[in-house]
Amino acid sequence: MIQAPLAQRLAEGIAASGPIPLAQYMAEANAHYYATRDPIGARGDFTTAPEISQMFGELIGLWFADLWDRGDRPPVRYVEFGPGRGTLAADALRAMRKVGLEPPVHFIETSPVLRAAQAERVPDAEWHVDLVGVPDDAALLIVANEFFDALPIRQFVKTGEGWFERLVDCTSGVFHGVVGDRRFDQIVPQTLRDAPEGSILETCPAAIAVMRQLAARLHHQGGVALIADYGYRGPATGETLQAVRGHAYADPFADPGEQDLTAHVDFGTLAQEAVAEDLEIYGPVEQGPFLEALGIGPRAASLAAAAPDRAEDIDIAKRRLTGPDAMGHLFKMLAVAAPGAPEPAGF
Ligand code: SAH
């Protein structure tokens, strides 16, 4: 079997030292995937809310601007995790400028290809690999859309003997899951330990680490974070690991680094990290009602009035973002805010 260099490297590692944790497989696969392409849009593998319509980024920009205004207009910085093509930021910053808010822009992005795409839309941004280099002299307006779902997860499976980690093995060039031999009952929350045999628990240590860092920053310097993604209020059992390629689901163990690997985001566990820093928690609420509350209806009507020939497209985009059978139900928004910050709209 002919293998791409990443698949070959992973296979050799497994042959030498045995099966690897799913998180290691997913981290290496996604790092390669994002570093080597712009996967977003009709010709890529998947489309995201800001790419569907400018209304998404505009409403988020105005959501931040409203909080900033009601919080007596403190000095702020705009921080976006995984900005993709920079479309959300460009739309949000344009909407903010209209109401007098022009924050310095910080992008947390590892992919050189996507950094270049972001620089075309937001040339004066500053790039970082994590929050460490973002100055601590101002309140932060933090947004992450479809960022947390790309972070590597671990999976634990309940067997007759207890909970064991699912690892990735490779046989004759084909990757597949196997059950490891180390018992992990102690990391499974008490409420889930007695789950039926075959149950799967997913954890995302990288997401918890990012959330912890973000929450500490908000506690220390003020501000708010808006996290948008597909997800659930966990911890809960259930397998959500998925691969997407060319707008269709694919086998997560096929072609590492050549397709997008994601897992649903456990908003309950992320919120716990914010609670530990005394932050205020809002949501998670569904994307549909959130955007409706922020005024996507009137915004769509005004865009359609200005461009009647595009009225139908604008309406279709609005329904994709808000419809319960499209993105409106599965996608959720979680906001976490520094103690004493004004209550955000839409929750
Ligand atoms: N927010 C964008 C893009 C979502 S795709 C949109 O809504 O269109 C995921 C984004 O997260 C990409 O920009 C990807 O390069 C980035 N990313 C994934 N893993 C990352 C990591 N570990 N550190 C920083 N950025 C990461």
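In short, a report on the structure. The shown structure was predicted, so the numbers you read here are calculated from the model rather than taken from an experiment.

**Quick word on the pairing of strand S7 (residues 162–171)**
Right, on to step 1. The element S7 is extensively covered by neighbouring structure, given that nine of its ten residues are classed as buried.
Right, on to step 2. Both strand S1 (residues 20–21) and S7 contribute to a ladder of two bridges, which runs antiparallel. Note that in S7 the partner of Pro21 across the bridge is Leu167.
Right, on to step 3. Where strand S6 (residues 154–159) and S7 come together, four bridges link them in antiparallel fashion.

**So, the site of the ligand**
Right, on to step 1. Near the ligand lie 15 residues; those nearest to it are Thr48, Gly82, Gly84, Glu109 and Asn145.
Right, on to step 2. Here an oxygen atom of the ligand and a side-chain polar atom of Thr48 are 2.5 Å apart.
Right, on to step 3. Between the ligand and Glu109, the relevant distance is 2.5 Å, taken from an oxygen atom to a side-chain nitrogen or oxygen of the residue.
Right, on to step 4. The fraction of the free accessible surface of the ligand (570 Å²) that becomes covered by protein chains is 90%.
Right, on to step 5. Judged by its atoms lying within 2 Å of the grid points, the ligand is housed in the largest pocket.
Right, on to step 6. In terms of residue class, the shell around the ligand is built from seven nonpolar, six polar and two charged.

**Describing the pattern of salt bridges**
Right, on to step 1. If you walk through the whole model with that rule in mind, you get 16 salt bridges.
Right, on to step 2. Note that Glu258 is salt-bridged to Arg37, the shortest N-O span being 3.2 Å. Within this pair, whereas Glu258 is found in the loop between strand S12 (248–250) and strand S13 (260–262), its partner Arg37 is found in the loop between helix H2 (22–35) and helix H3 (49–52), the two being separated by 221 residues in sequence.
Right, on to step 3. With a relative accessible area of 23%, Glu258 lands in the partly exposed category.
Right, on to step 4. For Glu58, the salt bridge is made with Arg299, and the minimal N-O distance between the two is 2.7 Å. Taken together, the positions of Glu58 in helix H4 (residues 54–70) and Arg299 in helix H10 (residues 296–306) put the pair 241 residues apart, joining distant regions of the chain.

**Quick word on helix H5 (residues 87–98)**
Right, on to step 1. Here H5 contains twelve residues, and its C-alpha end-to-end distance of 17 Å stays within 8% of the 16 Å for a straight helix at 1.5 Å per residue.
Right, on to step 2. Listed as buried for H5 are Thr87, Leu88, Ala89, Asp91, Ala92, Leu93, Ala95 and Met96.
Right, on to step 3. Contacts from the buried residues of H5 go to H3, H4, strand S2 (76–81), strand S3 (105–108), helix H6 (112–121) and strand S5 (139–145).
Right, on to step 4. Backbone geometry just downstream of H5 places Gly100 in the positive-phi region, at approximately 85°.

**Regarding the sheet that holds S12**
Right, on to step 1. Spatial strand order, S12-S11-S13: three strands in an open sheet with antiparallel pairing. Both edges of this open sheet fall to S12 and S13, since each of them pairs with a single strand only. Averaged over all pairs of adjacent strands, the angle between strand axes in this sheet comes to 40°, irrespective of strand direction.
Right, on to step 2. Sheet topology places strand S11 (residues 242–245) next to S12; three bridges connect them, and they run antiparallel.

**Comments concerning the layout of surface pockets**
Think of a ball as big as a water molecule: rolled over the atoms, this probe shows where empty space is left.
Right, on to step 1. Approximately 680 Å³ is the volume attributed to the largest pocket.
Right, on to step 2. Put simply, the parts of the chain that give the lining of the largest pocket at least two residues each are H2, H3, S2, H5 and helix H7 (205–221).
Right, on to step 3. With five residues, H2 is the largest single contributor of residues to the lining of the largest pocket.
Right, on to step 4. A breakdown of the residues in the lining of the largest pocket according to their chemical character gives 19 nonpolar, nine polar and six charged.
Right, on to step 5. In this model, the second largest pocket occupies a volume close to 430 Å³.
Right, on to step 6. Lining of the second largest pocket is provided by 19 residues; of these, Phe46, Thr47, Tyr230, Tyr249 and Phe331 occupy positions nearest its centre.
Right, on to step 7. Elements represented by at least two residues in the lining of the second largest pocket include exactly S11, S12 and S13.

Rules and cut-offs
Residues numbered from 1 in each chain as written. Predicted model: local features only at pLDDT ≥ 70, side-chain atom pairs only at ≥ 80, totals over all residues. Heavy atoms only, no water. Buried < 20%, exposed > 50% of the residue type's maximum accessible area, 1.4 Å probe, protein only. Helix = DSSP H or I, 4+ residues; strand = E, 2+ residues; numbered from the N terminus. Pairing = 2+ DSSP bridges. Near = heavy atom within 4 Å. Polar contact = N/O pair within 3.5 Å; in protein donor to acceptor, adjacent residues only side chain to side chain. Areas by Shrake-Rupley, 256 points an atom, 1.4 Å probe, with all protein chains shown as cover. 1 Å grid on protein atoms, 1.4 Å probe; cavity = no way out; pocket = protein on both sides within 12 Å on 5 of 7 lines; lining within 4 Å. Sits in = over half its atoms within 2 Å of the grid points. Nonpolar A, V, L, I, M, F, W, Y, C, P; charged D, E, K, R; others polar. Salt bridge = Lys/Arg side-chain N within 4 Å of Asp/Glu carboxyl O. Expected span 1.5 Å × (residues − 1). Contact = heavy atoms within 4.5 Å. Axes fitted to C-alpha atoms, helices over the stretch in contact; angles between N-to-C directions. Points joined across faces, edges and corners; volume = space filled by probe spheres on them.

That is the geometry; function is a separate question.
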